[in-house]
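Letter by letter, the chains look like this.
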Amino acid sequence: MREFYTITELTREFGISTRTLRFYEDEGLISPVRRGRTRLFRPADRHLVRQIMRGKRLGFSIAEIREIVQMYRDPPGEVGQLKQIVTKIEEKRDELRQKRRDIEETIAELNASEEACIERLAELGVKG
């Protein structure tokens, strides 16, 4: 395992900008080692970036990701942390299910509106 990764290596690996990595640093999510003006990232930072990216893909906000990351740094210990993560996942799943219901309702409303327009056009003798 390597001791350090450069900012360029991580931006290429994860397809993100240097500004994004600096933002994660400013948010306290990662803490690279500084050698002069150069940032060097430990394997643990690289792992955190991977977890941050996964959290973003799953729809978690930076605040939620920070909270999850912080759980691993502080008490209540692994069992408590895992239970909190399961709760967060359940909440996110419920949120996404509600969004899916809202989208399905909107699609149904659009379909009904489209049908009404097509029927009225037919009544007026206009073909699609």
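Values in this document were obtained by computation on a predicted structure and should not be read as measured data.

### With respect to the packing of aromatic side chains
A full pass over the atoms with the stated rule returns 1 aromatic pair. Pairing Phe 23 with Tyr 24 gives two aromatic rings, centres 6.1 Å apart and planes at 55 degrees, and the pair type is tilted.

### Focus: the packing of helix H1 (residues 7-14) against helix H3 (residues 43-57)
One can describe the packing of H1 onto H3 by two numbers: an axis separation of 11 Å at closest approach and a directional angle of 30 degrees. Classified by the angle their axes make, H1 and H3 are roughly parallel. Our pair here, H1 against H3, has a crossing hand that is right-handed. Across the interface between the two elements, Leu 10, Glu 13 and Phe 14 from H1 touch Arg 46, Val 49, Arg 50 and Met 53 from H3. Grouping the amino acids of the contact of H1 with H3 by side-chain chemistry returns 4 nonpolar, no polar and 3 charged.

### Some thoughts on the pattern of salt bridges
By the definition in use, this model includes 12 salt bridges. Salt-bridge contacts for Arg 66 lead to Glu 27; the nearest nitrogen and oxygen are separated by 2.0 Å. Taken as a pair, Arg 66 in helix H4 (residues 62-73) and Glu 27 in the loop between helix H2 (18-26) and strand S2 (33-35) lie far apart in primary sequence, 39 residues in all. The exposure class assigned to Arg 66 is partly exposed, which follows from its relative accessible area of 28%. The partly exposed category is assigned to Glu 27, whose relative accessible area is 25%. Each member of the salt-bridge network shares a partner with another, and the members are Glu 13, Arg 46 and Arg 50.

### What about the domain arrangement of the protein chain?
Domain annotation for the protein chain reports domain 1 (1-74) and domain 2 (77-127). A C-alpha centroid distance of 33 Å is found between domain 1 and domain 2. Counting each side, the surface lost to burial between domain 1 and domain 2 is near 800 Å², with a carbon and sulfur contribution of 62%. On the domain 1 side of the contact with domain 2, Phe 60, Met 71 and Tyr 72 bury the most area, a combined 59% of that side's loss. The interface formed by domain 1 and domain 2 contains 2 salt bridges. One salt bridge connects Glu 67 with Lys 88, and the closest N-O pair in it is separated by 3.4 Å. Between domain 1 and domain 2 we count 2 residue pairs in polar contact (both at pLDDT 80 or more) in total. For the side of domain 1 that touches domain 2, a count of residues per class yields 5 nonpolar, 1 polar and 3 charged.

Analysis parameters
Residues numbered from 1 in each chain as written. Predicted model: local features only at pLDDT ≥ 70, side-chain atom pairs only at ≥ 80, totals over all residues. Heavy atoms only, no water. Phe/Tyr/Trp six-rings, centres within 6.5 Å; stacked < 30°, edge-to-face > 60°. Axes fitted to C-alpha atoms, helices over the stretch in contact; angles between N-to-C directions. Helix = DSSP H or I, 4+ residues; strand = E, 2+ residues; numbered from the N terminus. Parallel < 35°, antiparallel > 145°, perpendicular 65-115°, else oblique. Left-handed = near helix turned anticlockwise from the far one by under 90°. Contact = heavy atoms within 4.5 Å. Nonpolar A, V, L, I, M, F, W, Y, C, P; charged D, E, K, R; others polar. Salt bridge = Lys/Arg side-chain N within 4 Å of Asp/Glu carboxyl O. Buried < 20%, exposed > 50% of the residue type's maximum accessible area, 1.4 Å probe, protein only. Domains from an automatic or database assignment. Buried area = accessible area lost by both parts, 1.4 Å probe. Polar contact = N/O pair within 3.5 Å; in protein donor to acceptor, adjacent residues only side chain to side chain.

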